[in-house]
Amino acid sequence: MLNFADQPDGRSVSDETEQTIMLADLPKPILNKLETTGFDFICISDYAGKINYITSSIEKVLGFQKSQLMGKSVFRYIMREDQKYLRTYLDITTSQEQKFFIHIRNQIGRFIIFEMELQMMEWHGEKKILALAKDISDKKQAEEMLIRSEKMSIAGQLAAGIAHEIRNPLTSLKGFVQLLQGGITSKEEYYKIMIEEIDKINAITSELLFISKPMTDDKNNENVNELLHDVMTLLRTQANLYDIDLVLEAERDCLVLCDRSQIKQVFINLIKNAIEEMTDGGMIHVLVELREKECMIAIKDQGPGIPKHLIHKLKEPFFTTKKNGTGLGLMISNQIIDNHHGRLEIESEKGHGSTFKIFLPTDEK
């Protein structure tokens, strides 16, 4: 049995005897899990979040003494956005493990991201929540470096097509300026067209600059339809080169709590992949549906499809079906979706195209 009495902070075994005896009362499957699972700290709380037990390793991880935390509410230390998500989506009616990514404040006020495995259980005849926490800050930093690299790669790949797209309105603007210099009449009509051309250039360049910016972790309530519209503005040039129509179908607005730059990155990755698969042209259909507590975004292409035996490999790093692919785009997209408490499902059949479905929790309770 895992013995929490042997603490690294210098306290004697007898100081922890009471808690060790209490831990021995945990259900056997949970004790076995504690024996075999790596973690940075363990916390047991009641359903209201009051801390009943926490390992002394918390001092090393967050800088707090155990005595500072015992009896306090866990919600005092969890980032507000994550509090809201936990209260909405933590299912206290199941004994199954539930995984969450939670930002927890340390003693100096800095938030550290943990992967938390939460499980409902009975302890001394009362219902409790067992939390196993792993610090994944280093893992997150590595992921962010990969994301930045992939973002810059995409920006470079799109730059040539965007330069061509910008050249067309610039040519029109030059012609109108020359006409105006020649003293033509009906100037107001030409002014309107010129402003439209300038707006087109601004929209395209703004999106290209947006994906080149450093990654953030700033979650706000965002309209998925607006994000998709921005992404399609950026990718429509490349789609035209492949003779592909991009079609967005959304019956109503879908609000999700997300980082707009990260979710845009996901949409860019998936739609760009679909474009590159459709060498014979066709249509990419993007469908947005609001479901119970979820927003579903389905990206369906008319490409050659993916063999069923390869679908499960698509989310693995460096696995790619493209000749010049890095094998990082889909892995990064899946990780971003996972970090937003969502999921990615892939449906495909050789010769019949592919559908990538993104499920993100909505802001509605």
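The notes below deal with the structure included here. (Residues numbered from 1 in each chain as written. Predicted model: local features only at pLDDT ≥ 70, side-chain atom pairs only at ≥ 80, totals over all residues. Heavy atoms only, no water.)

## Side note on the state of the cysteines
This is how the line gets drawn: Any cysteine sulfur atom paired with another within 2.5 Å is treated as part of a disulfide. Only runs of H or I of at least four residues qualify as helices and only runs of E of at least two qualify as strands under DSSP, and these elements are numbered from the N terminus. The buried label applies to any residue whose accessible area, calculated with a 1.4 Å probe on protein chains only, is under 20% of its type's maximum; exposed applies above 50%, and partly exposed to all values in between.
Applying the stated criterion across every chain, the model contains one disulfide. C254 shares a disulfide with C295; S-S distance 2.4 Å. Placement of the pair is C254 in the loop between β7 (244-250) and β8 (255-258) and C295 in strand β10 (residues 294-300), with a sequence separation of 41 residues. Here C254 and C295 have matching classes, each one buried. Just so you know, C258 is unpaired, no disulfide at all, and the nearest cysteine sulfur is the one on C295, 9.6 Å from it.

## Here's the deal with the packing of aromatic side chains
For the record, the criterion: In this analysis, rings of Phe, Tyr and Trp, with Trp reduced to its six-membered ring, are considered paired at centre separations within 6.5 Å, and the interplanar angle assigns stacked below 30 degrees, edge-to-face beyond 60, and tilted for intermediate values. Consider the ring centre and the ring normal. A charge sits over the ring if Lys NZ or Arg CZ is within 6 Å of that centre and within 35 degrees of that normal.
The full count for this structure, using the stated rule, is four aromatic pairs. Between F41 and F114, the ring centres sit 5.5 Å apart and the planes meet at 75 degrees, which makes this aromatic pair edge-to-face. Of this pair, F41 sits in strand β1 (residues 41-46) while F114 sits in strand β4 (residues 111-123), and the two are 73 residues apart along the sequence. Taken as a pair, F41 and F114 share a single burial class, namely buried. An aromatic cluster is present here, built from Y85, Y89 and F100 joined pairwise through their rings. Its guanidinium or amino end placed over the ring of F75, R87 lies 3.9 Å from that ring's centre, counting from NZ or CZ.

## A few points about the environment of Q262
Mapping Q262 onto the fold places it in helix α9 (residues 260-277). Judged by its relative accessible area of 9%, Q262 is buried. C-alpha separation for the pair Q262 and S333, spaced 71 residues apart in sequence, amounts to 8.5 Å.

## Concerning the pairing of β4
Keep this limit in mind: Each pair of strands is called paired provided DSSP finds at least two bridges between the two strands.
The element β4 is extensively covered by neighbouring structure, given that 11 of its 13 residues are classed as buried. Bridge count between strand β3 (residues 98-105) and β4: eight bridges; the pairing is antiparallel. The partner of F100 across the bridge, within β4, is M116. Taking the residues that link successive antiparallel strands as the turn, the β3-β4 hairpin has five residues, and the phi of G109 there is positive, at about 90 degrees. Taking the residues that link successive antiparallel strands as the turn, the β4-strand β5 (residues 126-135) hairpin has two residues, and the phi of H124 there is positive, at about 55 degrees.

## Remarks on the sheet that holds strand β12 (residues 354-361)
Heads up, the rule is: The convention used is that axes are lines fitted to C-alpha atoms, helices contributing only their stretch in contact, and that angles between N-to-C directions extend from 0 to 180 degrees. Any pair of residues with heavy atoms lying within 4.5 Å of one another is described as a contacting pair.
Strand order in the open sheet formed by five strands is β7-β9-β10-β12-β11, and the pairing between neighbours is mixed. The open sheet has two edge strands, β7 and β11 (343-348), and neither has a second partner. Each strand axis lies, on average, 15 degrees off the axis of its neighbour in the sheet, ignoring direction. Relative to β12, β11 runs antiparallel, the two sharing six bridges. Within the sheet, the bridge partner assigned to S348 lies in β12 and is S354. Packed on one face of the sheet, helix α8 (residues 224-241) meets β7, β9 (282-291) and β10 and runs near 170 degrees to β7. Where α9 meets the sheet, its contacts fall on β7, β9, β10, β11 and β12, and the angle it forms with β12 comes to roughly 170 degrees.

Scope: geometric values only; no functional claims are made or implied.
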